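Take a look at the letters that make up each chain.
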Amino acid sequence: MSRTTRTAATALVAALALGLTACGSAGSSSGDELVIAAPLSMTGPAGSVGLDVKQGAELAIATVNKDGGVDGKKLKLVVEDTGGEPAQAVQLTTSFAKDKNVVAVLGPINAAELGAVTGIAQSSKVVVFPPASSGAVPGVDAGKFNDWTFRLNQSIPLTVGPQMSKVLEETGAKSVTILNYDDNAAYVDTGDRWADAAEEAGAKVQRLQFPSATQDYSSIVTKIDKSSDLIAIGALPATDAQLVRAIRQQGIDTQLMGDSSMLSSEVYEGSRGASEGAYAYAAFLPGKSEASTAFQEAFQAKYDKQPTALSAYGYEAVMLMVEAAGDGKLTRDAIREGLSKLKDHEGITGVITYDGSGDAHRASVPLVQVGKDGVIAQVGDITPLESQ
């Protein structure tokens, strides 16, 4: 465990017990503050993801500030809502990049937004670090981003195929229905990869694709093949919640699975617990290490609820950027340089390595099931394609 991780594990609960403020709203900042700017989707279909990431980041900043900040300066989180719109993400990221007090950008959320702003990272020489983003990004081949863009959530293109293979192995399912957006490139890609893996395993596959603006899911649910042993959902949390609930209301008790969006707090709450038992994957497991246990306890103390994997990604991303600077100043260059050289770092989301930039590399990713109150439990391991 690294020095910063050890410090975080011991400082977390103390920071919250003192009721320290972890972030501020958008506005002016002073030269005595180091700003982490967060263009996050706080509304729209991915609004719950933005909230989860924000809360994790708040907790990390409270912890760092309790421990004295960085080089005598306090951290400040400035959050602005993108609404999940690439154009808004571009506007906000451009504005943040021009602010000399902004040392890094934490966000945005979805792949389309990231595709729109990754060039700004390069041209402005500021790290763009979207901790929850995981989908295929148009124009970015195999997660090979520019030198200033990093991701933390496990890459969908590398993971969902092996995930499907593992779930079929676990359940013995012989027929699969795949539900995914037809107008979101990342989720079309997810559905394609699930289908390829299922067909390769000899399973019968039904594809049902639908617009992301769909409001009435009953017509989709009625088309599900009654012989399906497994239903895989590739969509954002707000849609996941409605689909899961509609499926159960139709009396369909087929095993469910999803990508990491299935683990958003909105899905369990919005489906009224109907997502319990669903398979997904998560690099964060509560209680797996001293640091993850400390994070879990501190998060519970601050927000009176259990953290999601997405909250953990928000926390971990901030801590990684702080650690990147080592004992020196937290600057844009120091963050990029430190992250680019990160190797076998053990944090609360597992052991991470970056190959210069881009996606985090993990040798394995936990296959999990959603339990009571949305708490997840590991049921197996997924080996990403890059590690096979």
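Position labels on residues start from 1 in each chain and follow its written sequence. For this predicted model, a pLDDT threshold of at least 70 governs which residues receive local features, and a threshold of 80 or more governs which side-chain atom pairs are given and counted, while totals over whole chains, interfaces and linings are taken from all residues. No hydrogens and no water enter the side-chain calculation; it runs on all heavy atoms of the structure.

Participant: Before we move on, can you summarise the overall build of the protein chain with the specific residues and values?
Facilitator: Of regular secondary structure, the protein chain possesses 12 helices and 14 strands. Radius of gyration means the value over C-alpha atoms here, while the globule rule gives 2.2 Å times the residue count to the 0.38 power. In terms of overall dimensions, the protein chain is globule-like: its C-alpha atoms have a radius of gyration of 20 Å, near the 21 Å expected for 388 residues. Considered along the principal axes of its C-alpha atoms, the protein chain spans approximately 60 × 40 × 40 Å. Relative to its full complement of 388 residues, the protein chain shows a buried share of 59%. Summarising the internal contacts of the protein chain: among those between residues at least 6 apart in sequence, 70% fall at separations of at least 24. Only the protein chains shown count as cover for residues, with accessible areas throughout obtained via the Shrake-Rupley method and a probe of 1.4 Å. For the protein chain, the exposed surface amounts to about 14700 Å²; the carbon and sulfur share of it is 47%. Helix numbers and strand numbers start at the N terminus; a helix is a DSSP run of H or I with at least 4 residues, a strand a run of E with at least 2. Buried residues are those whose accessible area, probed at 1.4 Å on protein chains only, stays under 20% of the maximum for their type, while exposed residues exceed 50% and partly exposed ones sit between those limits. By the convention used here, residues are in contact when the closest approach between their heavy atoms is within 4.5 Å.

Participant: Before we move on, could you go through the layout of surface pockets and cite the residues and values that matter?
Facilitator: Sizing a probe to match a water molecule and rolling it over the atoms shows the empty space that remains. Empty space within the largest pocket amounts to approximately 570 Å³. Looking at the largest pocket, it is lined by 34 residues, and the ones nearest its centre are Asn-110, Ala-111, Asn-184, Tyr-187 and Leu-236. Elements supplying a minimum of two residues to the lining of the largest pocket: α4 (111-124) and α6 (185-200). For the lining of the largest pocket, the leading source of residues is α6, giving three residues. Using only the protein atoms, space was sampled on a 1 Å grid; points where a 1.4 Å probe fits but cannot get out form cavities, open sets with protein on both sides within 12 Å along at least five of seven lines form pockets, and lining residues are those with an atom within 4 Å of a point. Grid points are joined across faces, edges and corners, and a volume is the space filled by probe spheres set on the points. The volume enclosed by the second largest pocket comes to roughly 340 Å³. Broken down by secondary-structure element, the contributors of at least two residues to the lining of the second largest pocket are β10 (345-347), β11 (350-355), β13 (365-370) and β14 (376-382).

Participant: Talk me through helix α3 (residues 86-98); I want residue IDs and the actual numbers.
Facilitator: Over its 13 residues, α3 extends 18 Å from the first C-alpha to the last, a length consistent with the 18 Å expected when each residue adds 1.5 Å. For α3, the elements touching its buried residues are β2 (33-40), β3 (74-81), β4 (102-105), α4 and α12 (332-340). Given the number of residues in a helix, its expected span is that number minus one, multiplied by 1.5 Å.

Participant: Kindly report on the packing of aromatic side chains, identifying the contributing residues and their values.
Facilitator: Aromatic ring pairs are reported here in terms of the distance separating the ring centres and the angle at which the planes meet. Within 6.5 Å between ring centres, the rings of Phe, Tyr and Trp (the latter by its six-membered ring) count as paired, and their orientation is classed by plane angle as stacked under 30 degrees, edge-to-face over 60, tilted in between. The full count for this structure, using the stated rule, is 10 aromatic pairs. For the ring pair Phe-150 and Tyr-354, a centre distance of 5.3 Å and an interplane angle of 90 degrees mean the geometry is edge-to-face. With Phe-150 in the loop between α4 and α5 (156-171) and Tyr-354 in strand β11, the pair connects residues that are 204 residues apart, well separated along the chain. Here Phe-150 and Tyr-354 have matching classes, each one buried. With a centroid separation of 4.9 Å and 45 degrees between ring planes, the pair formed by Phe-295 and Tyr-315 is classed as tilted. Residue Phe-295 is located in helix α10 (residues 290-303), and its partner Tyr-315 is located in helix α11 (residues 309-324); the two are separated by 20 residues in the primary sequence. For Phe-295, a relative accessible area of 0% corresponds to the buried category. Through pairs of rings, three or more aromatic residues link up here, namely Phe-284, Phe-295, Phe-299, Tyr-303 and Tyr-315. Counted as over-ring charges are cases with an Arg CZ or a Lys NZ within 6 Å of the ring centre that also lie within 35 degrees of the ring normal. In this arrangement the basic side chain of Arg-336 is found over the ring face of Trp-148, its NZ or CZ atom lying 5.5 Å from the centre.

Participant: Residues and numbers for the nonpolar core, please.
Facilitator: Put simply, a nonpolar core is a bunch of buried Ala, Val, Leu, Ile, Met, Phe, Trp, Tyr and Cys residues held in one set by side-chain atoms that sit within 4.5 Å of each other. Counting 106 residues, the largest nonpolar core has Leu-106, Phe-129 and Leu-179 as the members making the most contacts within it. At 12 residues, α11 tops the list of elements feeding residues into this core. With residues up to four places along the chain from it excluded, the contact list for Phe-129 reads Val-105, Leu-106, Gly-107, Phe-150, Arg-151, Leu-152, Ala-317, Leu-320, Met-321, Leu-339 and Tyr-354. Listed in part, the 21 residues of the second largest apolar core include Val-176, Ala-232, Met-257 and Tyr-281.

Participant: Give me the side chain of Ser-228: which residues, what numbers.
Facilitator: With respect to the helices and strands, Ser-228 occurs in the loop between α7 (218-221) and β7 (230-234). For Ser-228, a relative accessible area of 7% gives the class buried. Here the side chain of Ser-228 touches Thr-177 through a polar contact of 2.5 Å, side chain to side chain. What Ser-228 contacts, discounting residues up to four positions off in sequence, is Ser-175, Val-176, Thr-177, Gln-206 and Thr-254. In protein, a polar contact requires one atom able to donate a hydrogen and another able to accept it; more generally it is a pair of N or O atoms within 3.5 Å, and residues adjacent in sequence count only if both atoms are side-chain atoms.

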